[in-house]
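# Descriptive analysis of the structure
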Number of protein chains: 2
Amino acid sequence: MHRDRPRYVIDRPAYNLTDFDREFDKKSRQFPVGEKVKKLFRYRIAISPHSQHELQVFPSRKLYLLTSFVLCSNSPVAMKFSRAVDFFTVTTIKSELFKEFPLFVSVRCSVLRLKGLLFRHLPVLSWLPKYKVKDNLLCDVISGVSAGTIQVPQGMAFALLASLPPVNGLYSSFFPLIPYFFMGTAHQMVPGTFAVLSIMVGIVCLRLAPESDFSHFNATLNSTIVDTDRMNEVRLGISGTLACLTAIIQIGLGFMQFGFVAIYLSESFVRGFMTAAGLQILISVLKYIFGIQVPPYSGPLAVIYTLVDIICGLPDTNIASLVFALVSSIVLIVAKELSARYRHKLPFPIPMEIIIVVVATAISGPLHLPEIYHMDIVGEIPLGFPAPILPTVNQWEDMLSTAFSLAIVGYVINLAMGRTLAAKHGYDVDPNQEMLALGCSNFLGSFFKIHVICCALSVTLAVDNAGGTSQFASLCVMLVVMVTMLALGAFLKPLPKSVLGALIAVNLKNTLLQLSDPYYLWKKSKLDCCVWVVSFLATFFLSLPYGVAIGVGFSILVVIFKTQFRNGSAMVQIMDTDIYKNPKVYSKVVSITGVKIVNYCSPLYFANAEIFRQRVIKKTGLDPGKLILARRKFLEKEQKQKTKEENKENETRRRKPSSLANMKTISQLELQIDFEMNDGSASKPEPPTSYVNFHCSDIEPGEQAPDQEPPSPTLVSQPMPFHTLILDLAGVCFIDLMGIKVLIKMNSSYTMLGIKLYLANVQAPVYEELEVGGAFDDGNIARSNLFLSVHDAIVFAQQTTGERRVSPTAERARQELAFNINEKKDLEQEMF
Amino acid sequence: MHRDRPRYVIDRPAYNLTDFDREFDKKSRQFPVGEKVKKLFRYRIAISPHSQHELQVFPSRKLYLLTSFVLCSNSPVAMKFSRAVDFFTVTTIKSELFKEFPLFVSVRCSVLRLKGLLFRHLPVLSWLPKYKVKDNLLCDVISGVSAGTIQVPQGMAFALLASLPPVNGLYSSFFPLIPYFFMGTAHQMVPGTFAVLSIMVGIVCLRLAPESDFSHFNATLNSTIVDTDRMNEVRLGISGTLACLTAIIQIGLGFMQFGFVAIYLSESFVRGFMTAAGLQILISVLKYIFGIQVPPYSGPLAVIYTLVDIICGLPDTNIASLVFALVSSIVLIVAKELSARYRHKLPFPIPMEIIIVVVATAISGPLHLPEIYHMDIVGEIPLGFPAPILPTVNQWEDMLSTAFSLAIVGYVINLAMGRTLAAKHGYDVDPNQEMLALGCSNFLGSFFKIHVICCALSVTLAVDNAGGTSQFASLCVMLVVMVTMLALGAFLKPLPKSVLGALIAVNLKNTLLQLSDPYYLWKKSKLDCCVWVVSFLATFFLSLPYGVAIGVGFSILVVIFKTQFRNGSAMVQIMDTDIYKNPKVYSKVVSITGVKIVNYCSPLYFANAEIFRQRVIKKTGLDPGKLILARRKFLEKEQKQKTKEENKENETRRRKPSSLANMKTISQLELQIDFEMNDGSASKPEPPTSYVNFHCSDIEPGEQAPDQEPPSPTLVSQPMPFHTLILDLAGVCFIDLMGIKVLIKMNSSYTMLGIKLYLANVQAPVYEELEVGGAFDDGNIARSNLFLSVHDAIVFAQQTTGERRVSPTAERARQELAFNINEKKDLEQEMF
């Protein structure tokens, strides 16, 4: 392709920003705050599924809208619109339409708003009427029933993780599905238990209702007896209370349109967190697999204590439990591998979980294995629906942080699954609506002793793989769970807990495979790897809520960190092009005499404003602040000497020509260095590049009023190592007041030295921030020093080099400013 | 200037990045991690005062270094070097020199290293030998003594804020100055009490040693008696313990080179925090001014309770106290105003504080006013040095968070003052060394019952205004404090506390003026204003340590927030230039048919990767994912129909030409919209811009092996609304793995649709991140799709438009990939 490579031919005037804006008619765009806030909300809404197109259409089609709204508000077109619009948009239209058709619209709009809200928050209204019974119902039923058979054993297993009786898993797999059916926007999603959430619930249950509270020493049996029934009852109450608090947080965040909080959880964090949680889950099911009694721990390092106890307890392994666990794991693994290989030939996935559970129960029960081998079993499952309970509100204080973690983590898992499904099937999920749906699911469930749920991973995948298309599949899952709850549960009594433990452990395969993440991440991005490792370690060794806080905090800190280092480089021209690159990277370059170009690629804000200044000083090799001070000191000395000499002259009545004595040629850089040395910092003098004449003006001493300050001598000529400094700010994507302050300060100090500071490639939003922040106010940066590109700036710099002699008076004023400016500052005000 | 405006004339080949790198000889720069870490440290060091120049010199001047080190290591040159080098640099030189002169160097280098460390951590060694006694000593002594007279009353006043006996203020103004004399890098700085820190210490003292612990009911007097002496003793112990913990944190951070933490405190936060602290200070001195007894509160909202109590207590105002306070405030304010006006005429500032204290004492004592009016007085000041105590280590757990806040806030105030002084006088302060110096000052002091100190603001300013040049001024301050401690303190017994309260209140003037900050900030930057307000409110209503945590957290969140909104705009060409701008801003623009340009100005990372994708979809008006799905569905239908037709044809033995039946022309956009509608999202069809032919290839059904998947039909021609999408990434200053993932995903989906994705203006660091992150790996983004500028990309896009017919087989393969790619994904793996 590069043989007949196209050419880049341009012949245009060079522009600075003022010229450019004038010539090409820049429109000023005002964004008042109210407007901005509205935009913010609108923007948020624009990501929601229904409203993207309509929002763009509104302003121009007001009349069309009106007719369609008013005249055919029951027709399909209006239906579609009413679904599309949401609260804020409706308000906007309403106010606009009101102006023109006040009476007519008002009634209609209230109806419209209500309808809009209804359709937005109950997606079932939009998909149910269009549901194609003939095409999809069969698929949904088959997929739902087969997925339901996974949901039952998994729910019971996860209830164990949450230190709750297995029946809680059935409740958790039933009640939350009802609100989600009406409110969920992800069609194939089945809400249900999720191991990570279960284990977090378990931590709270153990902390607030420890076993020790329910044990008493029975003298007859000479051992400690735990009142398991009462303990389970109390823990179910705690679990419901926690679910209720979590639900309230989720509903609150959903209504506040805070669905976007999900984006603060970076992938590296989520994977590290999930892996650590997976390991914790594995460790906590080991006791069921080996049939060992382990005292429950909570708090930081709990997982280590548990692990140690399990290892110490290994000699007491219950062989029967272990055999059950091993056999079921092996069967499950083999079945999973086979079904993965032949999944295209199977009409629906084989519900291996339920088969294992049934077989294990069938072996264990009739043979009385639990009694013979003292195996830990599921035990009596109370049949029927649970009686609703109220949350114990005064416990909320103790569970607030966990509830917050649960709310966020559950939501993020749910949303990630929903988005994956949506991408596969081509629909959108509304983040805020998902948050609400999840919250309502948890809320309803909380009265029926569930523990917090999100999406049931393997169940959802089973539904999707079997071709489920809608929430009818969830309905079938519910039916299966209900049948178990009402009738079949009774038969599960002799099921060994170790089988459930094995089911959990096998399902962790993918999570534990992520342990190799850091290896790949390290090669791709060191910092992402750090985030992973920090999240993993914090989650694993401290606990899951700590892990969330530390992981999120650290991944945000990494962003700040990224803006601080490895930025800023000098640039030179590439041969005779308009391209400027780092001379350390490209070799065929030419440098332009008298011009320095420094590039900076990072937002300019409080955390790096000072670093930016230092980088520019380092890359240009000249510290303007020090140079100005050095000059001032030099001039003060000069002044003193002059006064002395003049006194002498007065004595000797001008024997010598004074102008000669006052001329002095010294190196700028030597001056700077000399100054630095005086202040105790050592420095190797670089070869001087240019010389400067400090020329004291010939003011007669008589001309000075005695109470005036001594006039500063003028620097007549002052060739610097460079006359123009161009800052390429293309990579600066935003700037805050501290960044602006640094730029203004740099501008004024370079100006004092007669160096021009040009800014090139300023991004449009940065320009606005500069403008609002007062960077172009009087005495600060001149607008005409902003250029469209580095090359424009260079062209200007080369042209204006010749014009740089300024009138002596202006120069004089400038100099005085330069040398007195510091004196006038109030140091205390200056401090920050 | 714009009349003879220079022209921008360029005629060069258009480059994509591969061509450019080849032609201009790009060097690959390797930064192995070890190297990076070293660089990081070096960089950090480079900001330190001494090493800037040397570091650049080293590699080239090894031999010169060697000679100067070895031969004249006692000469001034080597001295200078040894001062310059620090631990890491020394290690580097050492290893380099070792290779060449192994035996000779080893001994010398150890000495050198020691010397380097010594000079680095004891700056006194470098400034003391060069101290010009004749020029500076007099100035230092005068400024020191006059500043000392400010230090004494202020220290005592701030001790009141800390709920400690006034003598503690004297200790705090004496002991910490000793280490700072040796270790401080800011020449004019006087360490001492600072109101904000004092009040934070006060909170801890009140919490850990509340008055109630020392009060008992005395039946004889029928009132509650507080054992003040013992309470003061315990509180002094707490104060010392807190200072010790703070010191350890500071020293630790200093040694870990964590001086840079200061930059995380944005100016808006610091000002908001300081203002809130100032208000709190004002409220807490009101009780002294009015002479009211107020029970101490701590914890959130303490300030409100105190304020309420003060207001309720106003009727009990002690008139004598109030008169003393008012008179001293007025005198002080007037004196300050006058001395500010005539400061150029005064040789040194008038020590008004001490004059007021002396006068107040002289009036109050001999006239026995305290006894007559029951005024609260300073009381007995124990003369002599305090006996050293050891910190009570087991209290550290309770004060950790406050100590951390104290360490950071104290350091930041100190550094801000140091930098202001350094900028005024042209030297550098070493952030890490300052942290160490401050830590050591607190550490020594902690054994002598001080409370945590940083810089004494008004004392330092007094020294500076009076022309102090070195730490000798601090020495004189120390002397003044010592004299008070040893002898004069006894005379201060009858000084009313209300006078000290008035001194504090008057000094708050500047802080309270900052209450108008939000007004100015709002105009300049809304978000900075939010940071100020949040910091202020959190600090004021909760408490100071909470304020630090919330303020810092919020200012970091704002940075993240800034990268998420108001980004991304479509761009079009400005007339016939190579400049591309937002058409909403500039009017004289031409759009290029078939090319869309989208600009994004923000780092691309986990928090906005999805937002970025949505923006591009919104700005181009085309969602590639949906379009692909729509096409696939359409083709599946087509395929079904075809099979049906073919069956029919087989029956009718090809009566009609089949190619005609298989051709179908539909609108791309209609397809997308139709698809969206099917999925329940409403959408207003835009006017179709282009049409597409779905042409099913004429494959004979017999050619297909029966177990193969049905071959996807080929799309022979597919004119889209645009054929090239150019992303202008100039403003993207870094990218993380999630950003890269989104780019790769976008690239593959656009490629499936036959749209080229070009990236323009990729910044050098971003390019590296893309490369390391695997963006250019097989099947991902082609390196040749990266361009130097938007115009280069445009030129390429326009040239290659004609060449876009690809060979049918390649196209076919691509299509198959396109339509099967989603099927092959493991959804669970895809989820995150």
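Quick notes on the rules
- Residues numbered from 1 in each chain as written.
- Chains lettered and ligands numbered in written order.
- Predicted model: local features only at pLDDT ≥ 70, side-chain atom pairs only at ≥ 80, totals over all residues.
- Heavy atoms only, no water.
- UniProt positions renumbered as here; feature names shortened; annotations may be inferred.
- Helix = DSSP H or I, 4+ residues; strand = E, 2+ residues; numbered from the N terminus.
- Buried < 20%, exposed > 50% of the residue type's maximum accessible area, 1.4 Å probe, protein only.
- Contact = heavy atoms within 4.5 Å.
- Areas by Shrake-Rupley, 256 points an atom, 1.4 Å probe, with all protein chains shown as cover.
- Salt bridge = Lys/Arg side-chain N within 4 Å of Asp/Glu carboxyl O.
- Core = buried A, V, L, I, M, F, W, Y, C linked by side-chain atoms within 4.5 Å.
- pLDDT = per-residue confidence, 0-100.

Under an unreviewed UniProt entry, chain A has the name STAS domain-containing protein and belongs to Perca fluviatilis. In its Subcellular location (unreviewed entry) section, the UniProt record describing chain A reads: "Membrane".

Within chain A, the secondary structure is distributed over 36 helices and 14 strands. Relative to its full complement of 832 residues, chain A shows a buried share of 56%. The contacts of chain A with a sequence gap of at least 6 include a subset with a gap of at least 24, amounting to 81%. Accessible surface computed for chain A: about 35,600 Å², of which carbon and sulfur atoms make up 62%.

Structurally, Leu326 of chain B is set in helix α16 (residues 319–341). Spatially, the C-alpha atoms of Leu326 of chain B and Leu138 of chain B are 36 Å apart, while their sequence positions differ by 188 residues.

To continue, consider the pattern of salt bridges. Close approach of charged atoms allows side chains with opposite charge to pair. Counted according to the given criterion, the structure contains 31 salt bridges over all chains. The partner of Lys493 of chain A in a salt bridge is Glu380 of chain A, and the shortest N-O contact between them spans 3.9 Å. Of this pair, Lys493 of chain A sits in the loop between α22 (472–486) and α23 (497–507) while Glu380 of chain A sits in the loop between α18 (369–373) and α19 (396–425); the two residues are 113 residues apart in sequence, bridging distant segments of the chain. A relative accessible area of 36% places Lys493 of chain A in the partly exposed class. Its relative accessible area of 59% is what places Glu380 of chain A among the exposed residues. Between Lys449 of chain B and Glu233 of chain B there is a salt bridge, and its shortest N-O distance comes to 3.6 Å. Linking Lys449 of chain B in the loop between α20 (431–446) and β5 (454–455) with Glu233 of chain B in helix α13 (residues 228–255), this pair joins segments that are 216 residues apart in sequence.

Below, the discussion takes up the nonpolar core. One finds Leu727 and Leu743 of chain A together with Leu727 and Leu743 of chain B to be the most contacted residues of the largest nonpolar core, which totals 382 residues. Excluding its chain neighbours within four sequence positions, the residues that come into contact with Leu727 of chain A are Val598, Phe612, Val616, Leu743, Met746, Leu757, Tyr758, Leu759 and Ala760 of chain A. In this structure, Ile794 and Phe796 of chain A together with Met571 and Val790 of chain B belong to the second largest nonpolar core, which totals 36 residues.

All right, on to the confidence of the model for chain A then. All names here are of chain A. Counting all residues, the mean pLDDT for chain A is 77, and 77% of those residues have values of 70 or more. Per-residue pLDDT stays below 50 along residues 40–90; that stretch engages in 99 contacts with residues further than four places along the chain or on separate chains. Taken as a whole, residues 804–810 scores under 50 in pLDDT and shows four contacts with residues more than four places along the chain or in a different chain. Two summary scores accompany this predicted model of the complex, namely pTM at 0.76 and ipTM at 0.76.

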